[in-house]
Amino acid sequence: MWGRIANITAQMDANFGAGEGGSNSATSASVDDGALLADDQDGWGDDAFDDDLDFDDELFVNGVNGGTNGEVNGPPLAEQQTLEEEASFANNNNTAQEGGDVVGDLAAKREEGVRVVDSEEYHTPDATTATEETSSGVVDTDNVEKEESREIEEAQLQPLPQSQPQSPPQNCDHPDVVTVSAPGKALIAGGYLVLESPNPGVVLAAKGCRFHTTIMFRPPYSEGGVIGNSVDASWESIPLDVYSPQFDRVYSYYLSYSLTSNEDDVSLRLQPRTGPHEPNKFVERSLLLALGYLRQSLGAEAFHARLQQQDSFNAGERVALAIKLRADNDFYSQITRLNEKGLDLTPQNLEQLEPFLPCPKDELTGELVVNKTGMGSSAALVTSIVGALLQFFGVISLPTSFDGEGEDLGMPNKTNGGDGEEKEALRIAHNLSQICHCHAQGKLGSGFDVSSAVYGSHIYTRFSKGVINDFLESVASTTKEEEDGLQLTETLLEQLAVLVNGIEWDCTVSPVSLPPGLEILMADVCGGSESPSMARKVLDWKKNKRKLGFMDDYYWKDLKRCNKKIVSLLSDQFTSQTFLDGLRRDGAMVVSTRTAEQWKKPMPSSWHKFEGSSWDVAMKLLDLRMAFLECRQNLKGMGKSAGVPIEPDEQSALADATMKLPGVIAAGVPGAGGHDALFAIYVKGPETNDGSSDQVRDEIGDLWREMSDENDETVVCPLSVRAAESGDGLCATKLDW
């Protein structure tokens, strides 16, 4: 074993030691890279506003991304009219017969990757012959696909729970205020691989890093007509305001909808109200599809009735549906704020900052300065909006996240994975959030970030593109973003309801968590520059099957092998009771105090070679360490070959130094890599700071601070987030307006 480790180390020294230096002539994409990955996510080449950690490989339609993206666009609060401004607002009370139920032959939806649910049992699609073109000709890949499927089955991945197509549950009691939150995440294994099913990715949800959406009825923020064509007088309508105080923005719309149904007619419309307006596609497109689904699943009359349940307002009083968005601080870099306060860059100081801090503004231009940390804010934003709307309208009942006094604890109550109602609620929220997120991005992503925002930490394989691709193309080609705002036809609403409720999604979710005694520390890294379209370049490199050393696709194939090893260790060996007992007994006092090199050597007293001993625990941790090292080696080699800085030299130096510390198992760049984030997995040491930290965590933070002081071009700030458990996903909280 140690001979293999020595060989791997020698290879890594040769690989990591060489700079990114010369450029490689990677084949350019046939489609404009900027358009394809304008929203390249997770801080690995994303723009300033969007980081949902989906290194997406395909646009479902060209030219559908109107406006700017992210959470920050829109007119500032100062430019809006005040609450006291008087203007007339008429809410039409015309009555009409409710439209018919969703009908149609679901069998027509049985196409590749799209299957109608027959039972709760997961059915693997029939094998089909597939071919890939290589430089030497056409090769049958049937056996390769079968082998990959068998490997994933061995990893014990389970499909998402499905149910018979049915009307979603409806709650009769509607609370006045609803708040729902969704976590950020870090993909620690499976980068690039997860783009292709059935390759798994290991994604850890972030504890203490959540996006919160609160909904209630309030007086309209501003009055006035719509921008563009006026609201149809025969329709019902209500003002809709979206408050984003951290970005000094309020988005004001009219939501209008028809109470009648006609297949080809527009049935729901979202239009900006009069005043300064900049499109925010993540907010607007999520609202459009979520509200459209609610109108279709509840029925037009029930949807309208919920919008009239304004018990705290007097008859005739002006009322708007109000939505407030808030993000925990770790989604956005706080380095500047800590420096202004004269505080060290430590997780403890981050935790002491006031929650939901506003983004700073440029002193000269007054424009917002938004630097993301790569924790997946866009996916968490969309998922929290969708979950809050579903909860507010009584379509689902999410797990709760508060104690008896109503304090928000940031994690849902879990009872054996949740009851049937909660599972069905999460299934609906997952499917609708994936659709909304893909529509907002203008492309099909792997979906692991949305899945983590719903289900918490897990092992994930993506859904087939055929599940929602046709619908997304239809929405992009028929919805308008001009004078009439955003709108949906009755046909699209019916298709949307079928996709959410009646089609089996073939993505898989298998619960996983870091075992008690292990923890993650994330770093916000400011330094270097990003290369756009990293995923596109890597996929082009793979498609063209570049010759690498002694065999084709060496890096990709070996990356799959070591990725499978990480999945197996976390889901199997690290869950055994003997390992957990040994880690609990010796982790903090023995293992965490020694470096990985010292783990290899016999130790006194408790270091015995029985199962569950300190030695046995250390050997399993070394297996995990080696798997991560091999992944790093393959990712760096693959990046060099494709001309993409997956693990830049600066990040290699930071990760290598971190892995030399006592108690550290692995360090590396999350997801698709790049310059702006780093993770470290370590054995928790003796507690420090009254239990809020531990010795190993402190030493990692000290190292990162020292390296920042030595290099003026790179600043490394530890985040306060920790790894959440499986199940710590989408939930309702008691956070008030």
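Before reading on, note that the structure itself is shown above.
Anyway, here's the lowdown on the structure attached to this text. Bear in mind that the values here come from a model prediction, so they are computed numbers and not experimental data. (Residues numbered from 1 in each chain as written. Predicted model: local features only at pLDDT ≥ 70, side-chain atom pairs only at ≥ 80, totals over all residues. Heavy atoms only, no water.)

So, helix α13 (residues 534-543)
Here's step 1: Burial analysis of α13 places 8 of its 10 residues in the buried class, which makes it a mostly covered element.
Here's step 2: Burial in α13 covers these residues: Met 534, Ala 535, Arg 536, Val 538, Leu 539, Asp 540, Trp 541 and Lys 542. (Buried < 20%, exposed > 50% of the residue type's maximum accessible area, 1.4 Å probe, protein only. Helix = DSSP H or I, 4+ residues; strand = E, 2+ residues; numbered from the N terminus.)

Describing the nonpolar core
Here's step 1: Counting 158 residues, the largest nonpolar core has Tyr 192 and Leu 287 as the members making the most contacts within it.
Here's step 2: Formed by 20 residues, the second largest nonpolar core is a distinct cluster that contains Leu 521, Leu 629, Met 659 and Leu 678. (Core = buried A, V, L, I, M, F, W, Y, C linked by side-chain atoms within 4.5 Å.)

Some remarks on the pattern of salt bridges
Here's step 1: Across all of its chains, the model carries 16 salt bridges by this definition.
Here's step 2: The partner of Asp 581 in a salt bridge is Arg 584, with the nearest N and O atoms 3.0 Å apart. Of this pair, Asp 581 and Arg 584 both sit in helix α15 (residues 577-586), 3 residues apart, roughly one helical turn.
Here's step 3: Through salt bridges with shared partners, a single ionic network connects Asp 558, Arg 561 and Glu 630. (Salt bridge = Lys/Arg side-chain N within 4 Å of Asp/Glu carboxyl O.)

Re the environment of Leu 432
Here's step 1: Among the structural elements, Leu 432 can be located in helix α9 (residues 420-441).
Here's step 2: On the basis of relative accessibility, which here comes to 0%, the residue Leu 432 falls in the buried class.
Here's step 3: Once the C-alpha coordinates of Leu 432 and Thr 383 are considered, the two residues, 49 residues apart in sequence, prove to be 8.6 Å apart.
Here's step 4: Ignoring any residue separated from it by four or fewer positions in sequence, one finds Leu 432 in contact with Leu 289, Ala 290, Tyr 293, Val 386, Leu 390, Leu 496 and Val 500. (Contact = heavy atoms within 4.5 Å.)

Overview of helix α19 (residues 695-710)
Here's step 1: Taking 1.5 Å as the rise per residue, α19 with 16 residues should run 22 Å; its terminal C-alpha atoms sit 23 Å apart, in good agreement.
Here's step 2: Within α19, burial applies to Val 696, Arg 697, Ile 700, Gly 701, Leu 703, Trp 704 and Ser 708. One side of α19 holds all its buried residues, which, seen down the axis, span an arc of 160°. Along α19, the residues that are exposed and aim more than 90 degrees away from the buried face are Asp 709 and Glu 710.
Here's step 3: Taking the backbone nitrogen of Val 696 as reference, a side-chain oxygen 3.1 Å away marks Asp 694 as the first, capping residue of α19. (Expected span 1.5 Å × (residues − 1). Arc of directions from axis to C-beta. Polar contact = N/O pair within 3.5 Å; in protein donor to acceptor, adjacent residues only side chain to side chain.)

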